[in-house]
Structure formats: structure tokens, C-alpha cells
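Chains, contacts and geometry: an overview
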Amino acid sequence: MSDATTLLVVKDLATTFQTPSGPLPAVGGVSFTLKENETLGIVGESGSGKTVLSRTIMGLQPRRNVEVTGSVLLNGFEVVGASEEAKRAIWGLEVAMVFQDPMTSLNPVMRIGKQIDEILRVRLKMDRHAAKARAIELLELVGIPSPAERYGVFPGELSGGMRQRVVIATALAGSPKLLMADEPTTGLDVTIQAQILNLLQSVKDQMSMSVVLVTHDLGVVATRTSRIIVMYAGRIVEMGTTRDVFARHRMPYTRALLEGSPKVSNPSHTRLLAIPGRPPNLLDLPQGCAFAPRCSFATDICRKERPELEPSFEDGHAFACWNPLPVSQGVPA
Amino acid sequence: MLIGIVFIISVGAFYLIHLLPGDPAAVILGTGDSPQNRARLFKELGLNKPILEQYFVWIKNVLHGNLGTSFISQTSVWSTIKSALPIDVEIIVLSQILAFAVAIPTAMVSARKPDGWLDRLLGATSFTLLSIPSFVVIVLLVLFIAIKLGVPHTGVSSYVSLGQDWVVNLESLALPSFTLALGSFVVYYRVLRSDLIATLQEEYITMARSKGISQRRIMWRHAFRPSSVALLGTAGVNIGGLLAGGFIVQYLLSIPGLGYTLIQSIGLSDYLVVQGIVLVVSVGVILINFAFDLIINIVDPRISRE
Ligand SMILES: Nc1ncnc2c1ncn2[C@@H]1O[C@H](COP(=O)(O)OP(=O)(O)O)[C@@H](O)[C@H]1O
Ligand code: SF4
Ligand SMILES: [Mg+2]
């Protein structure tokens, strides 16, 4: 893995929304890299900026009232500052997204086959028959029974799990090098969740893609990612190999997440137990560590100065905390 | 249901027209004639019977496909309607083509950047148009376009049908069609604009965007269809309204469509013609709405599934 080429380099990425109540820094100072064929997990509570981050990486943030700074090099293409037209060239073919909610991410009045073969016809210039044949192949690949008949149905005629398979098939249509999966199983039944995650894993291997797997459920990323980024209030607070984040984390928020999470061996469906206190208001962030108001280890410096992300041990492990946990305190994976 | 509505309308029309002052005998004989002659004519026309009985005689004939004969002109009501109706249909079709052809692209332009300068300009324009009644529009158009440019604004006697000479026909119907199109445009533009703005916020639009397809394609292939349900519903009601309410424009421009004929017949107390037109128009309005309901169900499969 270490000699694989780097596919994605994110550096000092920040996304700020202009809202009526002032600037809202949804993502701030995020840097990481992703190699080819690697699966990276991004975890954090709801509202921690995972969706904004994954969309900003693609350049898919809203077009108005938003400012993006920093750099995202995707297979050599600088996404930040690129025009919509330039980004269109990479969307679908270099990078694609599996959206969170299959109930809202498919066009309700367009037959699913048409939604899948749109990329094939418009972007890859395939003719109608070839595109249809390929779309049916894709439906089969994502495990939809009798794909040829399903080609012509509307999303409303399918269950949530089936719809998410259609979303995945659509994302795969352009054979992207990078697949962004934004909470692909939230809102689905437990058994369906596991099926979808396994499906993602198998198509990743078949199509040799890199995957960014976004979730608020650490159980989801435990067995399926090689590295994990933990986000809080739009920033990375800890990152490292999956093993290190589970077994040797140093940041109290990571531990709080893990304590609320089922053990790795459990099925990947349990939601995080609520961490006491509320996520911070991004419009009015505390001066120091954003986690301080909820942290039982907080000291004076935590409330005054924000801890920077510092490298810890090997393999790119890093955390941002003034009073890190001793290594032995980790919850074993 | 449909039959019930038509029945109620037919009763209403029948009753109302008999309430109006004036009677056909006076029109035919002139006011000075003797009461004996009047009574004889009343009897001939069947107007001496109780109104309820008159109604049943009429409706029985209607159900047998016979709308009767005009008291005044002695021509069959159906043939009168048959020669007038195509004019209404043509004006409506022309006006709707115009209205949609302008409303759809402008609504898309507005929805792309809500509150942008183009959207504001279009909004102000449509608001201005909305506040001008159609008879004022006609007078202005006649004054400034028809007379200045010499576009014929026609008259009943000089009316030329589409089959006879389509150029002259289109010229003469351009003005009324344009007038009706203005009103329709404003309504369609506003309804579609707001639905498009809502649709463009949807997650499936972001998903479409993530496929790297053009803005234009997103608008037409992804946003337009789910945004057109209210538009179609409005169009159904509006077109029905144009059929039923086309008389202002027709009357002002002396175009011998149904509306014009209706007003004339009311003035002459030509009961059977009035009743026939009201019946045909109300059936037409209902059919139009029915057709649009069907179209809506095809356009948005969610609706029939519910
Ligand atoms: N278009 C937007 N305008 C303003 N604020 C936004 C917008 N999109 C997201 N946010 C804010 O950014 C923060 C992060 O949201 P999100 O990335 O969706 O969190 P997550 O995916 O981790 O649950 C939230 O506080 C959210 O309210
Ligand atoms: S920096 Fe302080 S407040 Fe923040 S997580 Fe570490 S100990 Fe807690
Ligand atoms: Mg999210």
C-alpha cells in the first residue's frame, strides 16, 4: 500500500458559508492524502462537516454564498477555484458521489435506467443501445434482480435499499477513480446496511477505486477502511490508521465516539450514543478547543488556545489535544 | 361526476337566461305588435309552458343530439356552434403556444439565479402585465400595433377562416391570441419559476450536477418535469377560463367566435343558442381539465401511485 500512487491531496481546505447570521465555517484547515485503491473513513457526529467536506473535495458545494480556500488536488486537477465547466469534466468520470438519502437523491420522475445511462450517453457518448446494455449490466453488478425489467421503473417503485443500489450503479457508470460515499447506509434497515456496505467494498475491489466512506457510525468504518479521519466542528481532531484510531487514540472526543459505538465485532448499525452536551454553534465557536465545553479533561489552555493537529506516532497518526490520553487508555479494537 | 356537473350547469344556464329581461317574441315581432300575435308566437316556440317543462323538453332533445334551432335566425344551433368554435380553439391554441414558449425559458432564466437582475427584471415585467386588464391591453394594441402597422384587426363580416386563407386568418387572430397569451404568460411564468426554484434545491439536482452534465440539461431533463405539475394544473384551469371567458377579447375585436356569438344571442334573447353555447363550453372546460389531469398523471408518476 505504501508504494501506491497518491490520488488525492487535500491541503488547508476550508469551506465557509455566508449566512444571514454571518460567516459559518463548516470546514476549516483540513489536510490529508488518499492513495489509489485506499478506503478512507471520515467519522464525526451529525453536523461536524462531513458532508460539506466531501462535497467540497469534489467541488460540489453550493454555487452561491460559499467561500472555499486551500487546495484539493484530485489526480492532478486543482478543484478549488476551478470553474463549474472545468469541474464538470471530472465529475462522474474521475470522482462520483453516493448520496446519503436514496429517497431524495434519485429523480422521482425519471426512469432509473435513464438516470444510470445518462453519464454513459452524455459523457461517454455511447449510443442508446450500448448505454442501455451497460446500464443493465450495472444494475446487475449492484445486485438488482431482473435488471432488464427494472431498467424502466421509477424510483418510487423500489425499496430504499434498492434505490441506494441504483444510486451506486449511477455513481459507478463513469468508472470513477474516486468514490465519495456520504453516509450511504444511514436510514436503511440493518440487514440492508450491511449488504450495501459489502456491495461498496466488492465494487471497489472490482473496479479498483479509492473510496471515501463518510459515516457517523464507527462500526461501519472499523472493518472497511485502512485509515480514519475523525472530525469535530469542521476540523480534523484525530487521524491515523484504522487500527491506531481504534486502539491507540489520544483525543478525548475520539474516545467518546468509540465509547458510544458498538464493538467492532457487532453489526455496523448501532448509532452513536449521544455524547453529553451539544455540538458547538459554528457561528460562534469557542476560542480554544471546540470540544472544551463537553470535555472532562479540559483545562485552562483548552479554553484559550486551539490545539493544532500534531503528528503522534508512525503511519501518519495525528491528533489535536492539549491533554492527550495516555496510549494505554485506548479501547482495544 | 362529470355528468352531474354538466347537468347542474345546464339547469343554471337555462334558469338564468329566462330570468333576463327581454324575450324572443319582442325581438322577432318588434315591441309594437299585438298581444295576440305574441301569444301565438310564444306557443309556437314552446315558451308558454312552465319553465320546468321547457327544460325537460330541451334536455330531452339535447340527449338525442339535437340542440334545437335558433328562434331568430332559424339555423340549427349546432351549425352555429360548429362554425364559431374553431375560432375559439385557434385563438386558445395560438395563445398557449406563445405563452408557453415565452414562459418556460424565462422561468428557467429566473430560477437559475433567483433575485439576480434578470429575475428582478422579469418579475417586475410580469407584475406590470398582471395588473393591466386584458381590455386595456387590446385597446393599446389596436391603437399602437394594428392601426399603426396596418395589421387587420378584422370584423365579423371580413373574418376569413384558416382553411380559406391562413395568412389573413393568422393576421386577424394574432392580436387576440397575443392578448390572451400575455395573461397566460404571467401566470405560467410565476408558477413555473417558483416550482423550479424549489426543485433546484432538491438533492437529486445535486446528484445530476455530480454527473458532470450541463446546466441546460439539468434544467430541461431533471428540473423541468418535476416542476411542471402545478404549471399543468394551472394551464388546465386557465385554458378552461379562456374558453369560457374569451368573449371580452372577441367582442372588442369583433371576432365571431363562441364568446361573441354568446353575447349577441343574449342580446337577442336567443335562448336555445345561449343554452347550447353554455352547454358546449362547460363540457369543453370539463374535458380540458380532465385531459390535463391525465397529463399530470403521466408527467409525475408519484401522483397516480399515491
Ligand atoms: N448550504 C449551507 N449553508 C449554510 N450552512 C450549511 C450549508 N450546508 C451545511 N451547512 C452547515 O455546515 C455544518 C456541517 O454540515 P454537514 O457537513 O452537513 O454535517 P454532517 O454531514 O457531518 O452531518 C452544519 O452546521 C450545517 O448547518
Ligand atoms: S484540547 Fe482540551 S478540551 Fe480539547 S479535547 Fe483535549 S483536553 Fe479536551
Ligand atoms: Mg452529512
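What this report covers is the structure whose coordinates are included nearby.

About the cut-offs
Residues numbered from 1 in each chain as written. Chains lettered and ligands numbered in written order. Predicted model: local features only at pLDDT ≥ 70, side-chain atom pairs only at ≥ 80, totals over all residues. Heavy atoms only, no water. Helix = DSSP H or I, 4+ residues; strand = E, 2+ residues; numbered from the N terminus. Buried < 20%, exposed > 50% of the residue type's maximum accessible area, 1.4 Å probe, protein only. Contact = heavy atoms within 4.5 Å. Areas by Shrake-Rupley, 256 points an atom, 1.4 Å probe, with all protein chains shown as cover. Lys, Arg positive; Asp, Glu negative; His and termini not counted. Charge placed at Lys NZ, Arg CZ, Asp CG, Glu CD. Pairing = 2+ DSSP bridges. Axes fitted to C-alpha atoms, helices over the stretch in contact; angles between N-to-C directions. Near = heavy atom within 4 Å. Nonpolar A, V, L, I, M, F, W, Y, C, P; charged D, E, K, R; others polar. Salt bridge = Lys/Arg side-chain N within 4 Å of Asp/Glu carboxyl O. Patch = residues over 30% accessible without salt bridge, like charges linked within 9 Å, V, L, I, M, F, W, Y side chains within 5 Å. Buried area = accessible area lost by both parts, 1.4 Å probe. Polar contact = N/O pair within 3.5 Å; in protein donor to acceptor, adjacent residues only side chain to side chain.

Let's talk about the overall build of chain B
Counting its regular elements, chain B contains 15 helices and zero strands. Over its C-alpha atoms, taken along the principal directions, chain B stretches across nearly 85 × 55 × 35 Å. Counting all 306 residues of chain B, 43% fall into the buried class. When contacts within chain B are restricted to residue pairs at least 6 apart in sequence, those whose partners lie at least 24 apart make up 75%. About 15,600 Å² of surface is accessible on chain B, with carbon and sulfur atoms providing 69% of the total. In chain B, 20 positive and 17 negative side-chain charges are present, and the distance between their average locations comes to 8 Å.

Considerations on the sheet that holds strand β5 (residues 77-78) of chain A
All names here are of chain A. Read from one edge of the open sheet, four strands run β2-β1-β4-β5, paired in antiparallel fashion. Edge positions in the open sheet fall to β2 (22-35) and β5, since each of these has one partner strand only. With eight bridges joining them, strand β1 (residues 6-19) and strand β4 (residues 66-74) adopt antiparallel strand pairing. The residue bridging Phe-17 from the neighbouring strand is Val-66, located in β4. Sheet contacts for helix α1 (residues 50-58): β1, β2 and β4; angle to β1, the most-contacted strand, approximately 115 degrees.

Comments concerning the site of ligand 2
Cys289(A), Cys295(A), Cys302(A), Cys321(A) and Trp322(A) are the nearest of the 13 residues found near ligand 2. Looking at side-chain class alone, the shell around ligand 2 contains twelve nonpolar, one polar and no charged residues.

Points about the pattern of salt bridges
Scanning the entire structure with this criterion turns up 17 salt bridges over all chains. Between Arg303(A) and Asp300(A) there is a salt bridge, with its nearest N and O atoms 3.9 Å apart. A residue pair is termed a helical-turn pair when its members lie 3 or 4 positions apart in one helix, as Arg303(A) and Asp300(A) do in helix α11 (residues 300-304) at three residues. Residues joined by salt bridges that share partners form a network here, namely Arg63(A), Glu84(A) and Arg209(B).

Focus: a nonpolar patch on the surface
Residues and elements named next belong to chain B. Together, Met-1, Leu-2, Ile-3, Ile-5, Ile-9, Phe-290 and Leu-294 make up a nonpolar patch on the protein surface, roughly 720 Å² of accessible area in all. Listing elements by their share of the nonpolar patch, those giving two or more residues are α1 (2-19) and α14 (271-299). The element best represented in the nonpolar patch is α1, accounting for four residues. In this structure, Leu-294 sits in helix α14.

Here we look at the sheet that holds strand β12 (residues 318-319) of chain A
All names here are of chain A. In space, the eight strands of this open sheet follow the order β6-β7-β8-β3-β9-β10-β12-β11, with mixed pairing throughout. Among the strands making up the open sheet, the edge pair consists of β6 (95-98) and β11 (310-311). Two elements, strand β10 (residues 235-241) and β12, share two bridges in a ladder whose sense is antiparallel. Residue pairing across strands places Met-239 opposite Ala-318, the latter belonging to β12. Relative to β6, helix α6 (residues 160-172) is tilted by about 175 degrees, and along the sheet it contacts β6 and β7 (178-182). Sitting on the sheet, helix α10 (residues 252-259) is in contact with β3 (39-43), β9 (227-232) and β10, with an inclination near 105 degrees to β9.

Concerning the interface of chain B and chain A
Contacts between the two partners involve 23 residues from chain B and, on the opposite side, 30 residues from chain A. Summing both sides of the interface, chain B and chain A together bury roughly 2,500 Å²; the carbon and sulfur share of this comes to 56%. Counting across the chain B and chain A interface gives four salt bridges. Ionic pairing is found between Glu118(A) and Arg217(B), a salt bridge with its closest N-O pair at 2.7 Å. Inspection of the region where chain B meets chain A yields 15 residue pairs in polar contact (both at pLDDT 80 or more). Of all the elements in the fold, those that place two or more residues in the side of chain B that touches chain A are α9 (203-209), α10 (215-223) and α15 (301-305) of chain B. Ranked by the residues each element gives to the side of chain B that touches chain A, the list is headed by α9(B), at five residues. Partitioning the side of chain B that touches chain A into residue classes produces seven nonpolar, six polar and ten charged.

Thoughts on unusual backbone geometry
All names here are of chain A. Phi is positive for Asp-12, which is not a glycine, with a value near 50 degrees. Position of Asp-12 among the secondary structure elements: in strand β1. One non-glycine residue, Lys-125, lies in positive phi territory at about 55 degrees. You can see Lys-125 is positioned in the loop between α3 (112-123) and α4 (128-141).

Limitation: the analysis is restricted to geometry and does not speak to function.
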